[in-house]
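# Survey of secondary and tertiary structure
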2 protein chains.
Amino acid sequence: MGQVIASASMSLDGYIAKDDNTIGRLFDWLQNGEVELPTVDDRITFHLSPPSAAYWREWVDGLGALVCGRTLFDFTDGWGGLHTIGVPVVVVTHQVPGDWVEAHPDAPFHFVTDGVEAAVAKAQEIAGLRTVAVTAGTIAGQCLELGLLDAVAIDLVPVLMGTGRAYFGGLSLDEALLGDPTVCIQGDRVTHLLFPVPEASSHGG
Amino acid sequence: MGQVIASASMSLDGYIAKDDNTIGRLFDWLQNGEVELPTVDDRITFHLSPPSAAYWREWVDGLGALVCGRTLFDFTDGWGGLHTIGVPVVVVTHQVPGDWVEAHPDAPFHFVTDGVEAAVAKAQEIAGLRTVAVTAGTIAGQCLELGLLDAVAIDLVPVLMGTGRAYFGGLSLDEALLGDPTVCIQGDRVTHLLFPVPEASSHGG
């Protein structure tokens, strides 16, 4: 099976969004470069620096599915039926949003109501050998605590937010050791880092 | 005058210590390498990986003074009268610890009771063209907010602590933009990063 990797842009002080879910200057790096990258959404084109563009292309090319929580799904209204990066999405939720499903009959969205572990399993089934991305926040935190993550991708942005929503939500772990970064690529207003999660941690040992 | 640089080891989620001031695995990188670095304290020898040793030597060689808060001073009992890295220390405090000063008449310690700005000025006077290091936590946060910092050095450790004491204490800034890192050196269980503070930020503009 493919790897399961949490991924997000994060401020230097550990936040993926402000408390009101706005993102301030966290995504500057998606629009400050000369390399145009169209998305499946005609209205959204990224403009990345060359190093970020190369990193982003490889990341997106390797993706097979995305796991997110219900909050993000609702906040984006399910990305209008197709996620910006074009992959199937598995949504962890207590209740399937029946109206939305009816309005988007062909959308590659799956709703899993029996927890994050089942959602990741579903995403891996869809992704095959490709990577399953997990959105940061509560879902990523639960995945880490359940030992489901193989790696943590952080697009580290040189901004301090003071307060906000943490990458792993409210972790109840005392301490989690990750490996040294296997990727460290400097873009413009971002440093792309990839931290492996050691076997012992990734299987709850 | 020399630069004023905040510096600390920090977990991936932004903490420089746990809530009880213990440091967990944050300082592993100071003792997991083959390069021996003695300190002015006979009881403390660092063992660093070669990249960390080179980075550390350059950092310490360039230092002229250190600014810290009273909490850290008390916690270490003033490092017994000489800081581990051997530089003069300026302590921000409400009250000079008279007994301690009497017990350590020759210690290169200065106590400043009229705020962090005066303490940094005193440290710069002592340091001359050399760097003034500012310890992380409340003092670093105040320096950032007052526009006193030229750069922020972060020894980023691949560990998640969940909660703890933040690098800049409780920042009241809405958002502070730093520059892209000018240093990025991979050690063993640490990534050494140096972020410049832009002119506009560093002078409160």
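Cut-offs applied
- Residues numbered from 1 in each chain as written.
- Chains lettered and ligands numbered in written order.
- Predicted model: local features only at pLDDT ≥ 70, side-chain atom pairs only at ≥ 80, totals over all residues.
- Heavy atoms only, no water.
- Salt bridge = Lys/Arg side-chain N within 4 Å of Asp/Glu carboxyl O.
- Least-squares fit on C-alpha atoms with pLDDT ≥ 70 in both.
- Contact = heavy atoms within 4.5 Å.
- Helix = DSSP H or I, 4+ residues; strand = E, 2+ residues; numbered from the N terminus.
- Buried area = accessible area lost by both parts, 1.4 Å probe.
- Polar contact = N/O pair within 3.5 Å; in protein donor to acceptor, adjacent residues only side chain to side chain.
- Nonpolar A, V, L, I, M, F, W, Y, C, P; charged D, E, K, R; others polar.
- Pairing = 2+ DSSP bridges.
- UniProt positions renumbered as here; feature names shortened; annotations may be inferred.
- Axes fitted to C-alpha atoms, helices over the stretch in contact; angles between N-to-C directions.

Attention now goes to the pattern of salt bridges. On inspection of all chains with the given rule, the structure shows 12 salt bridges over all chains. Through salt bridges with shared partners, a single ionic network connects Lys18 of chain A together with Asp174 and Glu175 of chain B.

To continue, consider the relation of the copies chain B and chain A. Least-squares fitting of chain B to chain A yields an RMSD of 0.0 Å, with the superposition described by an axial translation of 0.0 Å and a rotation of 180°. Viewed as a symmetry operation, the transformation between the two copies matches a two-fold axis. Considering only C-alpha atoms, the residue of chain B closest to the rotation axis is Gly14 of chain B, which sits at 2.7 Å. When the interface residues of chain B are mapped onto chain A, 100% of them again fall at the interface, so both copies present the same face.

What follows concerns the environment of Thr45 of chain A. Residues and elements named next belong to chain A. Assignment of secondary structure puts Thr45 in strand 4 (residues 45-48). Note: C-alpha distance between Thr45 and Val35 (10 residues apart in sequence) is 10.0 Å. When neighbours within four sequence positions are excluded, Thr45 is seen to be in contact with Gln31, Glu36, Leu37 and Pro38.

Taken together, the contacts link 35 residues of chain B with 35 residues of chain A. Across the interface of chain B and chain A, roughly 2800 Å² is buried in total on both sides, 57% from carbon and sulfur atoms. Taken together, the links from chain B to chain A amount to four salt bridges. Connecting chain B to chain A are 12 residue pairs in polar contact (both at pLDDT 80 or more). Broken down by element, the side of chain B that touches chain A gets its largest block of residues, three residues, from strand 14 (residues 191-196) of chain B. When its residues are assigned to classes, the side of chain B that touches chain A shows 20 nonpolar, seven polar and eight charged. Summarising the sheet, strand 10 (residues 159-160) of chain A and strand 12 (residues 176-177) of chain B pair through two bridges and their orientation is antiparallel. Counterpart to Leu160 of chain A in the pairing with strand 12 of chain B is Ala176 of chain B.

On to the UniProt feature "domain: Bacterial bifunctional deaminase-reductase C-terminal" (unreviewed entry) in chain A, then. Residues annotated by UniProt as "domain: Bacterial bifunctional deaminase-reductase C-terminal" (unreviewed entry) correspond here to residues 4-175 of chain A. Annotation note: span residues 4-175 of chain A, helix share 26%, strand share 29%, distance between end C-alpha atoms 20 Å.

Looking now at the sheet that holds strand 1 (residues 4-11) of chain B. All names here are of chain B. Strand order in the open sheet formed by eight strands is 7-6-5-8-1-9-14-13, with mixed pairing between adjacent strands. This sheet does not close on itself; its edge strands, each paired only once, are strand 7 (109-112) and strand 13 (183-186). Across the sheet, the axes of successive neighbouring strands diverge by a mean angle of 20°, strand direction being ignored. Strand direction decides the pairing type here: strand 6 (residues 89-92) and strand 7, joined by four bridges, are parallel. Looking across to strand 7, one finds that Val92 is bridged to Val112. Against the sheet, helix 1 (residues 50-62) engages strand 1, strand 5 (63-69), strand 8 (131-135), strand 9 (151-157), strand 13 and strand 14, with an angle of about 90° to strand 5. Here helix 5 (residues 138-145) sits on the sheet in contact with strand 1, strand 5, strand 6 and strand 8, set at roughly 120° to strand 8.

Here the focus is the sheet that holds strand 7 (residues 109-112) of chain A. One key point about sheets: their strands pair by backbone hydrogen bonds, in either a parallel or an antiparallel sense. Residues and elements named next belong to chain A. Spatially, the eight strands line up as an open sheet ordered 7-6-5-8-1-9-14-13, and their pairing is mixed. Either end of the sheet is taken by a strand with one partner, and the two such strands are strand 7 and strand 13 (183-186). The mean angle between the axes of side-by-side strands here comes to 20°, regardless of whether they run parallel or antiparallel. In this fold helix 1 (residues 50-62) packs onto strand 1 (4-11), strand 5 (63-69), strand 8 (131-135), strand 9 (151-157), strand 13 and strand 14 (191-196), with an angle of close to 90° to the strand it touches most, strand 5. Relative to strand 5, helix 4 (residues 116-127) is tilted by about 160°, and along the sheet it contacts strand 1, strand 5, strand 6 (89-92), strand 7 and strand 8.

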